[in-house]
Amino acid sequence: MNKILLPLLFLCLFSSTVFAQNAPKKQKSEFWRHVRFGGGIGLGFGDGFFSGTLAPSAIYEFNWQFALGVGLNFSYNTQKDFYKSTIVGGSLIGLFRPIEQIQLSAEFEEMNISRNYDSRLIYQDENYWYPALYLGAGYSTRNVTFGIRYDVLYDRDKSIYADPWAPFVRVYF
């Protein structure tokens, strides 16, 4: 009896291994088919000034009209003999397309701003959180959108920007 069971057991185990190798490959999750990645890179420099920004983001497209997403932001700025600043933050963004070429957006951004002034100056170093709520509109072509946005929470004394109006370029792949 053992002479029959042992080869039969071996045959069953071997055949299941062979069939497992022929199983169809798992399809990509439906969730990831709707996720788009993008972001921004910024560089600015001038006489004694440098600014660098890295801002990756991702959105989930519910359909061709609606998308929601998140983003991160890191910026470093320095002005020779004046200050250095580091800005770290995150954002939530909502996108709506009433027609294919027009994109409306609302983006809430929270940033931690750390400014360190040259010790010879009378300014105090600063470290604070700054919220921004941008409402924007842009023209879309394929996966690129050009537009303008307005910070409705703009505070001239705390914002890192000189003006509440800001142009933007969004690219998502």
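Residues numbered from 1 in each chain as written. Predicted model: local features only at pLDDT ≥ 70, side-chain atom pairs only at ≥ 80, totals over all residues. Heavy atoms only, no water.

**Some details on the overall build of the protein chain**
- Secondary structure summary: the protein chain contains one helix and eight strands in total.
- Moving toward the C terminus, one meets the helices and strands of the protein chain in the order α-β-β-β-β-β-β-β-β.
- Sorting the 173 residues of the protein chain into buried and exposed places 29% on the buried side.
- Within the protein chain, contacts between residues separated by at least 24 positions form 43% of all contacts whose residues are at least 6 apart in sequence.
- Accessible surface for the protein chain amounts to roughly 12,300 Å². Of this, 65% is attributable to carbon and sulfur atoms. (Helix = DSSP H or I, 4+ residues; strand = E, 2+ residues; numbered from the N terminus. Buried < 20%, exposed > 50% of the residue type's maximum accessible area, 1.4 Å probe, protein only. Contact = heavy atoms within 4.5 Å. Areas by Shrake-Rupley, 256 points an atom, 1.4 Å probe, with all protein chains shown as cover.)

**Some remarks on the confidence of the model for the protein chain**
- This prediction gives the protein chain a mean pLDDT of 87; 84% of its residues lie at or above 70.
- Note that residues 16-20 has pLDDT below 50 and, in this model, zero contacts with residues that lie over four places away or in other chains. (pLDDT = per-residue confidence, 0-100.)

**Side note on the nonpolar core**
- The biggest cluster of nonpolar side chains holds seven residues, and these are Ile-87, Met-111, Ile-113, Tyr-128, Tyr-130, Ala-132 and Tyr-134.
- When contributions to this core are tallied by element, the ones reaching two or more residues are β5 (102-117) and β6 (126-141).
- Top contributing element to this core by residue count: β6, with four residues.
- Discounting chain neighbours no more than four positions away, the residues touching Tyr-128 are Met-111, Asn-112, Ile-113, Arg-115 and Lys-158.
- Counting residues in hydrophobic clusters, the runner-up holds five residues, among them Ala-67, Ile-93, Leu-95 and Tyr-172. (Core = buried A, V, L, I, M, F, W, Y, C linked by side-chain atoms within 4.5 Å.)

**Examining the pairing of strand β8 (residues 165-171)**
- Only one face of β8 is covered, namely the one carrying Ala-166, Phe-168 and Arg-170; the face carrying Trp-165, Pro-167, Val-169 and Val-171 has none of its residues buried.
- In this sheet, β8 lies alongside strand β7 (residues 144-151) in antiparallel orientation, the contact comprising seven bridges. For Gly-147, the partnering residue across the bridge sits in β8 and is Phe-168. (Pairing = 2+ DSSP bridges.)

**Examining the sheet that holds strand β1 (residues 35-46)**
- In spatial order, the strands read β1-β2-β3-β4-β5-β6-β7-β8; together these eight strands make up an open sheet with antiparallel pairing. A strand with exactly one partner marks an edge of an open sheet, and here the two such strands are β1 and β8. Neighbour-to-neighbour, the strand axes of the sheet open up by a mean angle of 20 degrees, direction not taken into account. (Axes fitted to C-alpha atoms, helices over the stretch in contact; angles between N-to-C directions.)

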